[in-house]
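Listed below are the residues making up each chain.
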There are 2 protein chains.
Amino acid sequence: MTDDAPFFGIENSDAAGAVVLVCEHASNAFPAPWDDGLGLSEDQRRAHIAWDPGALGVARGLAQALDGALIHARASRLIYDLNRPPHAPGAMPARSEIHDIPGNVDLDAAERLARTRTHYLPFHAALADLLACRLAQGLSPVLITVHSFTPIYFGQPRAVEFGLIHDADDRLARAICAQKTGLLTRLNEPYSAADGVAHMLARHATPLGLPHAMLEIRNDLIATPKAQAAMAARLAPAIKAAMDEVG
Amino acid sequence: MTDDAPFFGIENSDAAGAVVLVCEHASNAFPAPWDDGLGLSEDQRRAHIAWDPGALGVARGLAQALDGALIHARASRLIYDLNRPPHAPGAMPARSEIHDIPGNVDLDAAERLARTRTHYLPFHAALADLLACRLAQGLSPVLITVHSFTPIYFGQPRAVEFGLIHDADDRLARAICAQKTGLLTRLNEPYSAADGVAHMLARHATPLGLPHAMLEIRNDLIATPKAQAAMAARLAPAIKAAMDEVG
């Protein structure tokens with residue numbers, strides 16, 4: 001399926017572990033025909049508005065430590081935010097935090113449809129495939145999405161270091177939250193499903209009754225490949241213990 | 001997408017109306033490699049265990065009357081019940097009501113995976129596509145699934161003629177239920193989401209916040225093409241009025 005879908009990648013698709021990891025904000029690439037970067041400066045394209053810096057490195061470390069499959073985006077969430085349905089304003093946002101996104105202003109229906117077809121639909125079909133094929137074979141997959149958040153948002157510093165967000169079933173998120181990781185950890189911070197950030201979980205975990213959690217890691221803690229590997233090594237045993245508890 | 005998916009059909013995919021109709025139990029065909037009919041007799045293959053008799057005729061009538069899109073199965077639900085996730089016992093049932101299904105006994109993981117890949121995944125991807133493309137263009141789709149049920153179940157007659165079932169959002173089902181159709185109508189009869197019959201709604205309507213309803217029509221009322229057309233003509237104004245109320 002990856003042949004037809006240039007805007008995401010799948011790693012370890014046949015992994016034996018229960019975890020299916022999703023990193024939908026993995027990339028700040030602006031592939032053609034969006035290679036003008038939607039009119040943003042290079043600084044803006046490197047900033048957290050374009051992606052979740054460090055998240056892919058942590059997700060890859062977790063996939064290795066937990067023997068999990070991983071699906072990750074290969075294009076900026078400003079082209080299409082895969083964690084939003086096509087009718088959400090945030091799917092192709094005209095503004096993100098304090099930044100206007102020139103290339104997303106007054107998008108017509110044809111452009112919204114084109115991005116939905118090239119980004120949203122293939123990614124979600126591929127994730128549905130990963131999960132359904134495991135279920136068909138009698139396996140019990142667990143869905144974990146990996147994100148990072150900015151330490152300063154609208155000028156305000158955020159103290160929380162590690163947030164766990166859930167959709168309908170809070171068991172896995174609470175169980176991870178209760179592990180000792182040495183991080184300042186909070187449930188449903190810095191945001192929650194009520195903010196519309198749980199689409200991936202609501203679309204893929206809840207209808208199938210799968211244990212799930214959305215990990216949010218403050219991005220200053222995972223700024224380098226070394227820090228990302230260390231964070232994955234820190235979180236993997238906590239996630240494993242929480243999965244064992246939830247069963 | 002239909003080229004790769006021989007086991008379902010899509011009609012009126014570009015329909016202008018809000019309704020997207022689903023008829024997942026439309027067919028009692030047993031296409032190859034299941035053309036031995038899973039070991040069932042011809043009578044069993046014609047019975048309600050293999051499909052929802054009359055449902056496709058009603059669904060087509062509704063698609064025409066409401067200018068809606070329609071996606072329908074082209075293979076028996078005994079091969080794969082598209083309204084069940086791959087891990088549900090009812091997805092590829094070894095027994096249905098009082099009938100054993102020989103070709104579904106002791107299915108191995110490879111066969112379950114094959115049917116999931118050929119039936120479940122393409123159908124659900126196509127429906128996701130129909131809905132997401134409407135949302136991307138600023139339309140507000142409504143998801144309605146069309147089923148029929150047997151008048152006698154485990155030897156007991158059923159009095160209800162028309163049932164409305166919902167997932168998380170009960171507004172449309174209640175609004176249709178309140179219309180005057182001349183039918184003995186009940187909410188969440190002859191079964192409800194608690195019986196695991198709302199997978200299609202839970203998977204496609206609820207995560208997108210779409211108004212939805214599952215129609216259940218007693219199959220003795222829609223036994224002929226003429227009766228199916230009459231039922232569609234009877235229900236279409238009720239559904240239209242209910243959709244207008246829900247907005």
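So, here's what we can say about the structure. (Residues numbered from 1 in each chain as written. Chains lettered and ligands numbered in written order. Predicted model: local features only at pLDDT ≥ 70, side-chain atom pairs only at ≥ 80, totals over all residues. Heavy atoms only, no water.)

Notes on the overall build of chain A
Then comes step 1: When helices and strands are tallied, chain A shows six helices and 11 strands.
Then comes step 2: Over its C-alpha atoms, taken along the principal directions, chain A stretches across nearly 50 × 40 × 30 Å.
Then comes step 3: Sorting the 247 residues of chain A into buried and exposed places 58% on the buried side.
Then comes step 4: Counting only contacts in chain A whose residues sit at least 6 apart along the sequence, the fraction spanning at least 24 positions is 77%. (Helix = DSSP H or I, 4+ residues; strand = E, 2+ residues; numbered from the N terminus. Buried < 20%, exposed > 50% of the residue type's maximum accessible area, 1.4 Å probe, protein only. Contact = heavy atoms within 4.5 Å.)

Details of the interface of chain B and chain A
When the parts of a complex come together, some accessible area is lost, and that lost area is often taken as the interface size.
Then comes step 1: On the chain A side, the residues contacting the 23 residues of chain B number 23 residues.
Then comes step 2: Taking both sides of the interface into account, the surface hidden between chain B and chain A amounts to around 2100 Å²; carbon and sulfur atoms contribute 69%.
Then comes step 3: In terms of surface lost to chain A, no three residues of chain B exceed B:Ala136, B:Arg203 and B:Leu208, which account for 26% of the buried area on that side.
Then comes step 4: For the interface between chain B and chain A, the tally reads two residue pairs in polar contact (both at pLDDT 80 or more). (Buried area = accessible area lost by both parts, 1.4 Å probe. Polar contact = N/O pair within 3.5 Å; in protein donor to acceptor, adjacent residues only side chain to side chain.)

A look at the relation of the copies chain B and chain A
Then comes step 1: Superposing chain B onto chain A takes a rotation of 180° plus a shift of 0.0 Å along the axis, which leaves an RMSD of 0.0 Å. Both copies of the chain, as the preceding transformation shows, are related through a two-fold rotation axis. The C-alpha atom lying nearest the rotation axis in chain B is that of B:Ala125; the distance is 3.0 Å.
Then comes step 2: An overlap of 100% is found between the interface residues of chain B and their copies at the interface of chain A, pointing to a shared contact surface. (Least-squares fit on C-alpha atoms with pLDDT ≥ 70 in both.)

Thoughts on the sheet that holds strand E1 (residues 8–11) of chain A
Residue and element names in this part refer to chain A.
Then comes step 1: Here seven strands make up an open sheet; going across it, the order is E1-E3-E2-E6-E11-E9-E10 and the pairing mixed. Each edge of the open sheet is held by one strand with a lone partner, namely E1 and strand E10 (185–187). For this sheet, the mean inter-axis angle between neighbouring strands, taken without regard to orientation, is 20°.
Then comes step 2: Here seven bridges tie strand E6 (residues 142–149) to strand E11 (residues 212–218), and the two strands are oriented parallel to one another. Residue His147 lies in a different strand from E11, and its bridge partner there is Glu216. (Pairing = 2+ DSSP bridges. Axes fitted to C-alpha atoms, helices over the stretch in contact; angles between N-to-C directions.)

Quick look at unusual backbone geometry
Then comes step 1: For the bond running from A:Ala32 to A:Pro33, omega is 5°, close enough to zero to count as cis.
Then comes step 2: Mapping A:Pro33 onto the fold places it in the loop between strand E2 (19–23) and helix H1 (42–46).
Then comes step 3: The amide bond that connects B:Glu189 to the next residue, B:Pro190, takes the cis arrangement and shows omega of 0°.
Then comes step 4: Inspection of the secondary structure puts B:Pro190 in the loop between strand E10 (185–187) and helix H5 (199–204).

Structural notes on the packing of helix H2 (residues 55–66) of chain A against helix H6 (residues 225–246) of chain A
Residue and element names in this part refer to chain A.
Then comes step 1: The contact between H2 and H6 brings their axes to 8 Å, and the two run at 45°. With respect to H6, the axis of H2 lies oblique. Viewed along their axes, H2 and H6 form a crossing whose handedness is right-handed. Between H2 and H6, the residues in contact are Gly57, Val58, Gly61, Leu62, Ala65 and Leu66 and Gln228, Met231, Ala232, Leu235, Ala236, Ile239 and Lys240, respectively.
Then comes step 2: By residue class, the composition of the contact of H2 with H6 is nine nonpolar, three polar and one charged. (Parallel < 35°, antiparallel > 145°, perpendicular 65-115°, else oblique. Left-handed = near helix turned anticlockwise from the far one by under 90°. Nonpolar A, V, L, I, M, F, W, Y, C, P; charged D, E, K, R; others polar.)

Some thoughts on the environment of B:Ile176
Residue and element names in this part refer to chain B.
Then comes step 1: Locating Ile176 in the fold gives a position in helix H4 (residues 171–177).
Then comes step 2: When the C-alpha atoms of Ile176 and Ala88 are compared, they prove to be 29 Å apart, with 88 residues separating the residues in sequence.
Then comes step 3: With residues near it in sequence (within four places) discarded, Ile176 still touches Phe162, Leu164, Ala213, Leu215, Ile239 and Ala242.

Here's the deal with the packing of aromatic side chains
Residues and elements named next belong to chain A.
Then comes step 1: Taken as a whole, this structure holds eight aromatic pairs over all chains when the rule is applied.
Then comes step 2: Centre to centre, the rings of Phe8 and Phe123 are 5.7 Å apart; their planes meet at 85°, and the pair counts as edge-to-face. Taken together, the positions of Phe8 in strand E1 and Phe123 in helix H3 (residues 109–136) put the pair 115 residues apart, joining distant regions of the chain.
Then comes step 3: For the pair Tyr80 and Tyr120, a centre-to-centre distance of 5.4 Å together with 40° between the ring planes defines the contact as tilted. (Phe/Tyr/Trp six-rings, centres within 6.5 Å; stacked < 30°, edge-to-face > 60°.)

Quick notes on the pattern of salt bridges
Then comes step 1: By the definition in use, this model includes 22 salt bridges over all chains.
Then comes step 2: Between A:Arg218 and A:Asp220 there is a salt bridge whose closest N-O contact spans 2.7 Å.
Then comes step 3: On the accessibility criterion, A:Asp220 (38% relative accessible area) is partly exposed.
Then comes step 4: Its salt-bridge partner being B:Glu42, residue B:Arg46 comes within 3.8 Å of it at the nearest N-O pair. Of this pair, B:Arg46 and B:Glu42 both sit in helix H1 (residues 42–46), four residues apart, which is roughly one turn of the helix.
Then comes step 5: Residue B:Glu42 is classed as exposed on the basis of its relative accessible area, which comes to 57%. (Salt bridge = Lys/Arg side-chain N within 4 Å of Asp/Glu carboxyl O.)

Comments concerning the pairing of strand E9 (residues 162–165) of chain A
All names here are of chain A.
Then comes step 1: Neither face of E9 is exposed, since Phe162 and Leu164 on one face and Gly163 and Ile165 on the opposite face are all buried.
Then comes step 2: Alignment of E9 against E11, held across four bridges, turns out to be antiparallel. Paired with Leu164 across the bridge in E11 is Leu215.

Regarding the sheet that holds E10(B)
Residues and elements named next belong to chain B.
Then comes step 1: The seven strands are arranged E1-E3-E2-E6-E11-E9-E10 in an open sheet whose pairing can be described as mixed. What marks the edges here is a single partner per strand, and that holds for strand E1 (8–11) and E10. Mean inter-strand twist for the sheet, computed between neighbouring axes without regard to direction, equals 20°.
Then comes step 2: When strand E9 (residues 162–165) meets E10, the two strands line up parallel, connected through three bridges. Bridge pairing links Phe162 to Thr185 in E10.
Then comes step 3: Sheet strands touched by helix H6 (residues 225–246): strand E2 (19–23), strand E6 (142–149), E9 and strand E11 (212–218). Its angle to E11, the strand with the most contacts, is close to 155°.

Structural notes on H3(A)
All names here are of chain A.
Then comes step 1: The largest bend in H3 comes to about 40°, at Thr116.
Then comes step 2: The element H3 is extensively covered by neighbouring structure, given that 21 of its 28 residues are classed as buried.
Then comes step 3: Gly138 lies just past H3 and shows a positive phi near 85°. (Bend = angle between axes of the 7 residues up to and from the residue.)

Notes on the nonpolar core
Then comes step 1: Core analysis: the biggest nonpolar cluster contains 66 residues, and A:Ile71, A:Leu127, A:Leu143, B:Ile71, B:Leu127 and B:Leu143 have the highest contact counts within it.
Then comes step 2: Those elements giving two or more residues to this core turn out to be E2, strand E3 (69–73), H3 and helix H5 (199–204) of chain A together with E2, strand E3 (69–73), helix H3 (109–136) and H5 of chain B.
Then comes step 3: Residues in contact with B:Ile71, not counting those within four places in the same chain, are B:Phe8, B:Gly9, B:Ile10, B:Leu21, B:Val22, B:Cys23, B:Phe123, B:Ala126, B:Leu127 and B:Leu130. (Core = buried A, V, L, I, M, F, W, Y, C linked by side-chain atoms within 4.5 Å.)

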